[in-house]
Amino acid sequence: MELCWLCGAAGTPPLFTHQFQAEPCCCSLRVASIIERIDLGCASNPMRVLISLTAAHGRLHRYNEAEGEVAESALLELEFAAQMGSRYCLAVASGGYALATALRAVGVKLGDKVLTNAFTLAPVPGAIASVGAVPVFVGVTDGLVIDLEDLAAKAGQADVLMLSHMRGHIVDMDAMMQLAQAHNLLVIEDCAHTMGAKWGDTWSGRSGVIGCYSCQTYKHVNSGEGGLLICDDDEIMARAIMLSGSYMIYAKHRAGPPPEAFEAVRLVTPNISGRMDNLRAAILRPQLRRLDSQCQAWNDRYHAVDSALGQVAGLTRVKRPQQEKFVASSYQFLLLDWSGDAIRD
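This structure is a prediction, so every number in the text was calculated from the model and none was measured.

Q: Looking at this model, I keep getting lost on the overall build of the protein. Mind explaining?
A: Assigned secondary structure in the protein consists of 11 helices and 12 strands. Looking at the 345 residues of the protein, the share that counts as buried comes to 48%. Total accessible area on the protein stands at roughly 15,600 Å², and carbon and sulfur atoms take up 53% of it.

This is the structure we're talking about:
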């Protein structure tokens, strides 16, 4: 019998392929009782059921659990960690918050320099500024990815690289990580535009020490606002969980490190509250189950636009490397041979 996607089994993350069981589990009985009082429209719609359950019991704060219950936020973390092959996951208020938390968790301090792409979005240098650090901008290529030659030239200026996969364009991650290792750079991946993408067989977000994702409205999963942070390092994730505002109830993070990992950080790490609530987690969980199909829908639109623009003279389309299993976020082209006046016109 398949596991229930609402409650899972003891000690086991829920599966992504569950339909309601013929024999009702405790969750389907709970759903049935709520359906009698709430007009769901379609009781078999996972998102509607999860949202209605969460709204009905009113336990929106991630640490507010009834006896025997696992909060939606905790289940989301378990499921996304399993999906990405990560040991740990933390659900937070936004992708930008995830980036700033990652910087703090790896030890970036006031006045430190942090390398990052010059072609990026405001929340990336914003996260760097929010911790009192200074961005060092690295040039980009015509492929709209970080210029590895320029990065090598500037690598000695910082200990951390916040690598932005801006607009879904992924640099050669094999060469990138070789360079980072040669210069002892810690890499934090900004995957706001690459959830579900890969370089070769490696998920975007799994090459660096931390991967940060956005669940904002215009991303591949949408909860209005929200962010996810994944990591395999015990101490870094323990620090991130404390930063997010776990107080001393970090044991409720089922996708977090063991209790002993918190001993060295729990009394010296500030609480900079940025937790994800259970309602947004309930919105996200069903979307993650169909992430592949959502990414394919984005790519279908991308290829349609790309095909049409291929007929337009004067536009330079960005070449996508074979190893890049990209997920479309938006469409970019270059006007390399155009004068400034022509562009303005």
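Next comes the rest of the description.
Q: How do you make sense of the state of the cysteines when you look at a structure like this?
A: Simply put, disulfide is the name for a covalent bond between the sulfur atoms of two cysteines. Enumeration according to the criterion identifies 0 disulfides in this entry. Summary of cysteine pairing: Cys 89 is not part of a disulfide, and the nearest cysteine sulfur, belonging to Cys 215, is at 9.0 Å.

Q: Whenever I open this one, the side chain of Asn 278 confuses me. Can you help?
A: Mapped onto the secondary structure, Asn 278 falls in helix 9 (residues 278-289). At 3.4 Å, the side chain of Asn 278 forms a polar contact with the backbone nitrogen of Glu 72. In this structure, Asn 278 is in contact with Thr 54, Arg 59, Leu 60, His 61, Arg 62, Ala 71, Glu 72 and Ser 73, ignoring residues within four places of it in sequence.

Q: Any chance you could explain the packing of helix 4 (residues 95-105) against helix 8 (residues 234-244) here in plain terms?
A: When two helices pack together, their arrangement is captured by the angle between the axes and the distance separating the axes. With their axes 9 Å apart at the nearest point, helix 4 and helix 8 run at an angle of 125 degrees to one another. Relative to helix 8, the element helix 4 lies oblique. Here the hand of the crossing between helix 4 and helix 8 comes out right-handed. Between helix 4, through Tyr 97, Thr 101, Arg 104 and Ala 105, and helix 8, the contact on the second element is made entirely by Ile 236, Arg 239, Ala 240, Leu 243 and Ser 244. Residue classes in the contact of helix 4 with helix 8 are distributed as 5 nonpolar, 2 polar and 2 charged.

Q: Honestly, the packing of aromatic side chains in this entry has me stumped. Any pointers?
A: In this description, a pair of aromatic rings is defined by centroid distance and the angle of the planes. A full pass over the atoms with the stated rule returns 4 aromatic pairs. For the ring pair Tyr 302 and Tyr 331, a centre distance of 5.0 Å and an interplane angle of 45 degrees mean the geometry is tilted. With Tyr 302 in helix 10 (residues 291-309) and Tyr 331 in the loop between strand 11 (324-325) and strand 12 (333-334), the pair connects residues that are 29 residues apart, well separated along the chain. One aromatic cluster in this structure is built from Tyr 302, Phe 326 and Tyr 331. For Lys 198, the ring lying beneath its charged end belongs to Trp 203, and the centroid distance is 4.4 Å. Stacked on the ring of Phe 326, the Lys or Arg Arg 320 has its end atom at 4.0 Å from the ring centre.

Q: I'm lost on the nonpolar core in this one. Help?
A: When a protein is soluble and globular, its nonpolar side chains tend to lie buried together. In terms of nonpolar packing, the biggest core is built from 44 residues, with Phe 80, Leu 151, Met 176 and Leu 228 touching the most fellow members. For this core, the secondary structure elements donating two or more residues are helix 3 (72-84), strand 1 (88-92), strand 3 (134-138), strand 4 (160-164), helix 7 (173-182), strand 9 (227-231), helix 9 and helix 10. Ranked by size, the runner-up nonpolar core spans 36 residues in total, among them Val 92, Val 108, Ala 133 and Met 237.

The rules behind these values
Residues numbered from 1 in each chain as written. Predicted model: local features only at pLDDT ≥ 70, side-chain atom pairs only at ≥ 80, totals over all residues. Heavy atoms only, no water. Helix = DSSP H or I, 4+ residues; strand = E, 2+ residues; numbered from the N terminus. Buried < 20%, exposed > 50% of the residue type's maximum accessible area, 1.4 Å probe, protein only. Areas by Shrake-Rupley, 256 points an atom, 1.4 Å probe, with all protein chains shown as cover. Disulfide = S-S within 2.5 Å. Polar contact = N/O pair within 3.5 Å; in protein donor to acceptor, adjacent residues only side chain to side chain. Contact = heavy atoms within 4.5 Å. Axes fitted to C-alpha atoms, helices over the stretch in contact; angles between N-to-C directions. Parallel < 35°, antiparallel > 145°, perpendicular 65-115°, else oblique. Left-handed = near helix turned anticlockwise from the far one by under 90°. Nonpolar A, V, L, I, M, F, W, Y, C, P; charged D, E, K, R; others polar. Phe/Tyr/Trp six-rings, centres within 6.5 Å; stacked < 30°, edge-to-face > 60°. Lys NZ or Arg CZ within 6 Å of the ring centre and 35° of its normal. Core = buried A, V, L, I, M, F, W, Y, C linked by side-chain atoms within 4.5 Å.

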